[in-house]
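Analysis of the macromolecular model
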Amino acid sequence: MNFIDALNWRYAVREFSTDVIAPAQLQQLLDAARLSASSYGLQPYHLLVIQSPQLKQQLLEFSLGQDKVAQCSHLIVFAAHTNIGDATVNRYIKQFSQTRGVETSQLRNMDEHYKTALAVMDKSQRQEWAHQQAYIALGNFLTCAALMKIDTCPMTGIEFDGYDRVLGLREKNLTTTAVCPIGFRHPQDASAREKKVRFAEHDMVTLL
Ligand SMILES: Cc1cc2nc3c(=O)[nH]c(=O)nc-3n(C[C@H](O)[C@H](O)[C@H](O)COP(=O)(O)O)c2cc1C
């Protein structure tokens, strides 16, 4: 399936079947999220993969009645780091040093530059920045899923505090950005047959 066909094939699934995603497919999707671009490469987010029926039921209580979070094969929670600052950069510098075999002393300019860039933002701007990075990963995740003919539904129609509480995210310096049930569309999901509502290119794209 080519790229545009895949994007036309995907839609925000309303009802999932009971089919379960194979571990190798799930692994590819997680890799797609992990390989995403992020500002300064800092990757200030974490993914939780929920398969436990009990946990899904608990989260359904905070999903405004959207029972697809319980029906799906896996529920993916995209969570942003909440402790954005020097620790974010230290973590990255350590990884960079290990990955590329460079002494951390040689990364001092990068370290300072990145820490300054985060320090000029106030707390809520830093949080927003972290959520934005998690959204890029979500976008890649959705597109790769479509290319693999795996169904998804990105969701923010949830009670974020409830998700954070059930998953104990605040204690781990995380907070929910968005969630995404994944699996396979139910044959009776009528949404699959609806036409996509998209603005025309001339309303969305300006060539200069
Ligand atoms: C950030 C975000 C949040 C969304 N939240 C929900 C949601 O809570 N429930 C839902 O059914 N769909 C949700 N959607 C799906 C959109 O409604 C859907 O993508 C849009 O209507 C376009 O339709 P399509 O994806 O089927 O092409 C969300 C989409 C995005 C990107």
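Relevant structure appears above.
Here we summarise the structure given alongside this text. (Residues numbered from 1 in each chain as written. Predicted model: local features only at pLDDT ≥ 70, side-chain atom pairs only at ≥ 80, totals over all residues.)

What to know about the site of the ligand
Taken together, Tyr11, Ala12, Gln66, Cys153, Pro154, Met155, Thr156, Gly157, Ala178 and Lys196 make up the full set of residues near the ligand. Looking at the shell around the ligand residue by residue, the class counts come to six nonpolar, three polar and one charged. (Near = placed C-beta within 6 Å. Nonpolar A, V, L, I, M, F, W, Y, C, P; charged D, E, K, R; others polar.)

What to know about the nonpolar core
Core analysis: the largest hydrophobic core is formed by 41 residues, its most contacted members being Val77, Phe78, Phe141, Val179 and Cys180. Considering every element that reaches this core, the biggest residue donor is helix 7 (residues 123-147), with nine residues. Among all residues touching phenylalanine 141, those that are not within four sequence positions of it are Leu29, Ala32, Ala33 and Cys180. (Core = buried A, V, L, I, M, F, W, Y, C linked by C-beta atoms within 7 Å. Buried ≥ 20, exposed ≤ 12 C-beta atoms within 10 Å, placed from the backbone. Helix = DSSP H or I, 4+ residues; strand = E, 2+ residues; numbered from the N terminus. Contact = placed C-beta atoms within 7 Å.)

Quick look at the environment of asparagine 2
The residue asparagine 2 is located in the segment before helix 1 (3-9) in this model. The class for asparagine 2 is exposed, based on 8 C-beta atoms found within 10 Å.

Considering the packing of helix 2 (residues 23-34) against helix 7
Here helix 2 crosses helix 7 at 145°, and the two axes come no closer than 8 Å. Relative to helix 7, helix 2 is oriented so that their crossing is right-handed. Note on element contacts: helix 7 touches helix 2 through Ala137, Asn140, Phe141, Cys144 and Ala145, opposite Gln28, Leu29, Ala32 and Ala33. Here the contact of helix 2 with helix 7 is composed, by residue class, of seven nonpolar, two polar and no charged. (Axes fitted to C-alpha atoms, helices over the stretch in contact; angles between N-to-C directions. Left-handed = near helix turned anticlockwise from the far one by under 90°.)

Observations concerning the environment of threonine 176
Secondary-structure assignment places threonine 176 in strand 4 (residues 174-183). Through-space distance from the C-alpha of threonine 176 to that of alanine 134 is 9.7 Å; in sequence the pair is 42 residues apart.

A word on the packing of helix 5 (residues 86-100) against helix 6 (residues 108-119)
Orientation of helix 5 relative to helix 6, taken along the N-to-C sense of each, is 150°, at an axis distance of 9 Å. When the axis of helix 5 is compared with that of helix 6, the two are roughly antiparallel. The crossing of helix 5 and helix 6 is right-handed. Contacts between helix 5 and helix 6 involve Asp86, Thr88, Val89 and Ile93 on the former and, on the latter, Met110, Asp111, Tyr114, Lys115 and Leu118. Residue composition of the contact of helix 5 with helix 6, grouped by class: five nonpolar, one polar and three charged. (Parallel < 35°, antiparallel > 145°, perpendicular 65-115°, else oblique.)

Observations regarding the pairing of strand 4
Across the 10 residues that make up strand 4, a large majority, 10, are buried. Sheet topology places strand 2 (residues 74-81) next to strand 4; eight bridges connect them, and they run antiparallel. Bridge pairing links histidine 81 to leucine 174 in strand 4. Note that strand 3 (residues 151-152) and strand 4 share two bridges and pair antiparallel. When the sheet's bridge partners are listed, threonine 152 is paired in strand 4 with isoleucine 182. (Pairing = 2+ DSSP bridges.)

Looking at helix 5
Because each turn of an α-helix spans 3.6 residues, side chains separated by three or four positions end up pointing in the same direction. Under the 1.5 Å per step criterion, the end-to-end length of helix 5 is 21 Å for 15 residues, consistent within 8% with the ideal 21 Å. Inspection of helix 5 places Thr88, Val89 and Tyr92 among the buried residues, and these make up the whole buried set. Around the axis of helix 5, the buried residues are gathered within 85° of arc, so they sit on the same side. Seen from the buried face of helix 5, the exposed residues on the opposite side, beyond 90 degrees, are Ala87, Lys94 and Gln98. (Expected span 1.5 Å × (residues − 1). Arc of directions from axis to C-beta.)

Some points on the pairing of strand 2
Of all eight residues in strand 2, seven are buried, a share of seventy percent or more. As judged from the six bridges shared by strand 1 (residues 45-50) and strand 2, these two strands associate in the antiparallel manner. By the bridge assignment for strand 2, leucine 47 is matched with phenylalanine 78.

Here's the deal with the sheet that holds strand 4
Read across the sheet, four strands follow the order 1-2-4-3 without closing on themselves; strand pairing throughout is antiparallel. For this open sheet the edge positions go to strand 1 and strand 3, each flanked by a neighbour on one side alone.

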